[in-house]
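# Examination of the molecular architecture
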Amino acid sequence: MTGLGYNPPIRRTPPDMNYIEPKAHLADLFRQAVAAVAPDGTVAIELDRPKQASHGDYACNAAMQLARALKRNPREVAAEIIAALPASERVKKVEIAGPGFINCFLKPIAKQCLVGHVLAQGGDYGRTDGGKGEKVQVEFVSANPTGPLHVGHGRGAAFGASLANCLAFAGHDVYREYYVNDAGRQMDILAVSTWLRYLELNGEFVEFPGNAYQGDYVKRMAEGIYALHGDRYKRAAADVLAGAPDRGEAPEEHLDHLIACAKRLLGPDYAYIHGYALEEQLGDGRNDLTEFGVTFDHWFSERTLHDAGLIDRHVATLQKHGHIYEQDGALWFRSTAFGDEKDRVVKRENGIYTYFAADIAYHLNKFERGFDRVIDVWGADHHGYIPRVKGALKAAGADPERLTVALVQFAVLWEGGQKKSMSTRAGQYVTLRELRGEVGNDACRFFYVLRKSDQHLDFDLDLAKSQSNENPVYYIQYAHARISRVLAAWGGDVRDLHDADPTLLAHTSELALLGRLAEFPEVCAAAAREMAPHLVAYYLKDLAADLHGLYVACQFLVDDEALKQARLALVAATRQTLANGLALLGVSAPDQM
RNA sequence: GCCCUCGUAGCUCAGUGGAUAGAGCAUCCCCCUCCUAAGGGGAGGGUCGCAGGUUCGAUUCCUGCCGUGGGCGCCA
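Quick summary incoming for the structure in this document. (Residues numbered from 1 in each chain as written. Chains lettered and ligands numbered in written order. Predicted model: local features only at pLDDT ≥ 70, side-chain atom pairs only at ≥ 80, totals over all residues. Heavy atoms only, no water.)

### Considerations on the environment of Arg 313
Along the chain, Arg 313 falls in helix α13 (residues 310-320). We classify Arg 313 as partly exposed; its relative accessible area is 41%. Sequence separation between Arg 313 and Ala 361 is 48 residues; the distance between their C-alpha atoms is 8.3 Å. At 3.4 Å, the side chain of Arg 313 forms a polar contact with the side chain of Glu 368. (Helix = DSSP H or I, 4+ residues; strand = E, 2+ residues; numbered from the N terminus. Buried < 20%, exposed > 50% of the residue type's maximum accessible area, 1.4 Å probe, protein only. Polar contact = N/O pair within 3.5 Å; in protein donor to acceptor, adjacent residues only side chain to side chain.)

See below:
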């Protein structure tokens, strides 16, 4: 094919270079045909991509669906539908197959013109508007700021962030929020843990409770306070322990006693210790998440609910509507009236609101802030909590259907073939920061969402540490890097490729890649609709495989200038799509590896 | 006991009311004179937990059973 036999390609003007989404186009044709064949029949037009290439590009099952209503042979109905199909320049042929499928074969041009479309869309390729600007709040992570984030939180972070990205890409107006539990007993325990360590630095030794926070970060906070304020918060150990219940027999009461003593002995200074610990841990978590590529529009403080009287107000509202009753000195929400298994306390005998009461106020507040829809990303262990929250929303006159809870199963850590026990208070766990350090942010983000969120995730540390190069994320990133290297070797401007003639793309591998690229918007929309960002991850693996296949099958930098332009345009469009998908998952798209 | 989840190849997991159920890893074989072999091609490997039901059609939906994991606090 060189020398005398070489003929320069003739640049033809294609019939219509404007990209029309093939599926939408076919659906439109079928709607018209079905309306003609069965004016009374209501049947949803479904077009699937057949697994086998011999079954065409799209298959329609409308005939089989209609056959029942019309009480006729599906293949006969199919024949009539085909006869009624309006002509289209983009359809090569349609045929009846099997029990009554209508298989559609597109003309190559219908797929080829996608290349220019992708390049023109750029970072917006894959974006859809099905969300119609609906205001959606996604609340995720929301870990207690009582210590470093661990690998379980990491999964919620990666999932929530990717989900939020997918929703935004699908046309929703997304608001990312972190609920800060800064008002409860756990924070008091952290404050006291810090203070006890601080007392040790001052020579006052109170035996450190086994159920207080054990981690070294607590000691570091104590050192920080000591460095700033010396012995200002020092109190006598004997005073702290005076009258304390036995720590062995009643550890929780013992701890509560210490908390009460700290508040009494420190007076207004207790708020400083509490605040210091809170800010340190919150800052640490924020830092950690930011490095992980996870950011929030707002960090919502639980304490503001108490301070602003929102809990009082919302509980009073429930009370006014007769959903609250008093028993044993406590206030109960009658959640059994809304499908819960038992009623729940909202205000304890000691006058303190429960976490649940704060959560009622928080969720009602979300709707008051004008969100059309609220998504909570929770650990799967909270599933029993859903009925009472939805019940409370209903009782307060809000629509529980507007709250969706996405449950994320725990990531269980394995090392040396053994499950690693995780205890936050004992300080025995692998932190998110450690995990990121071991396997890198990209592999972390990708690995976390490679599984359906409601599926248990076995995180094998040994595998992640020793064989991180086998992680599928590299396979995808490599595809991106390969394209970048080719384009760099070419040395031209990608913008000049927009006008390349895509009709030259006729190789099997090229057509396969074109078909895959066309799926991207639907995949993104499905990921948002089904709250399943793993669909994007799996799609990217398939897309990368198609690219690698083409890479081996076809040389891109060929002598034929027009063909070279066409192929470079195709791979540039592929690179764009890979980058768009990786961005949704918070994974980088490197130009070289 | 009740509620939820999952059960698909040796392992880890995708997937779908449709035609011959897929990928990675593992095993075996092959491919760099060539834009990065972190790549590609091929082989073997399955009663889609079991039993009913709905349907023209069920691995997919429903029910029951068995098994896995989790949850059932005046903790957060």
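### Observations concerning the nonpolar core
Counting residues in each nonpolar core, the largest one holds 128 residues, and the members touching the most others are Val 138, Val 141, Tyr 178, Trp 195, Leu 289, Tyr 448 and Leu 540. Considering every element that reaches this core, the biggest residue donor is helix α22 (residues 561-585), with eleven residues. A domain split of this core shows at least three residues from each of domain 2 (185-278) and domain 3 (471-585). Tyr 448 has contacts with Val 151, Gly 154, Arg 155, Ala 158, Phe 292, Ala 411, Leu 432, Leu 435, Leu 457 and Phe 459, leaving out every residue within four places of it along the chain. Core analysis: the second largest hydrophobic core is formed by 32 residues, Phe 300, Ile 311, Val 374 and Ile 386 among them. (Core = buried A, V, L, I, M, F, W, Y, C linked by side-chain atoms within 4.5 Å. Domains from an automatic or database assignment. Contact = heavy atoms within 4.5 Å.)

### Things to note about the side chain of Arg 567
Residue position: Arg 567 is located in helix α22. Relative accessible area serves as the criterion here: at 12%, Arg 567 is assigned to the buried category. Within the structure, the side chain of Arg 567 is placed 2.6 Å from the side chain of Glu 510, a separation counted as a polar contact. A distance of 3.0 Å separates a polar side-chain atom of Arg 567 from the backbone oxygen of Gln 555. What Arg 567 contacts, discounting residues up to four positions off in sequence, is Leu 505, Glu 510, Cys 554, Gln 555, Phe 556 and Val 558.

### Notes on the side chain of Gln 281
Summarising the element assignment, Gln 281 is placed in helix α11 (residues 269-291). Excluding residues that lie within four positions of it along the chain, Gln 281 makes contacts with Pro 145, Thr 146, Gly 147, Pro 148, Leu 190, Tyr 217 and Met 221.

### A few points about the environment of Gly 210
Among the structural elements, Gly 210 can be located in the loop between α7 (185-201) and α8 (216-229). Once the C-alpha coordinates of Gly 210 and Glu 252 are considered, the two residues, 42 residues apart in sequence, prove to be 10.0 Å apart.

### As for the protein's contact with RNA strand B
For RNA strand B, the set of nearby residues contains 53 residues, the closest of which are Arg 348, His 383, Tyr 475, Tyr 478 and Arg 482. In the interface set of RNA strand B, defined as its atoms within 4 Å of the protein, sugar plus phosphate atoms amount to 60%. Between Tyr 355 and RNA strand B, the recorded distance is 3.3 Å, taken from a backbone N or O atom to a phosphate oxygen. Taking Leu 557, its main chain carries an N or O atom lying 3.3 Å from a base oxygen of RNA strand B. Sort the elements by how many residues they give to the surface near RNA strand B and helix α19 (residues 472-490) lands first, with seven residues. (Near = heavy atom within 4 Å.)

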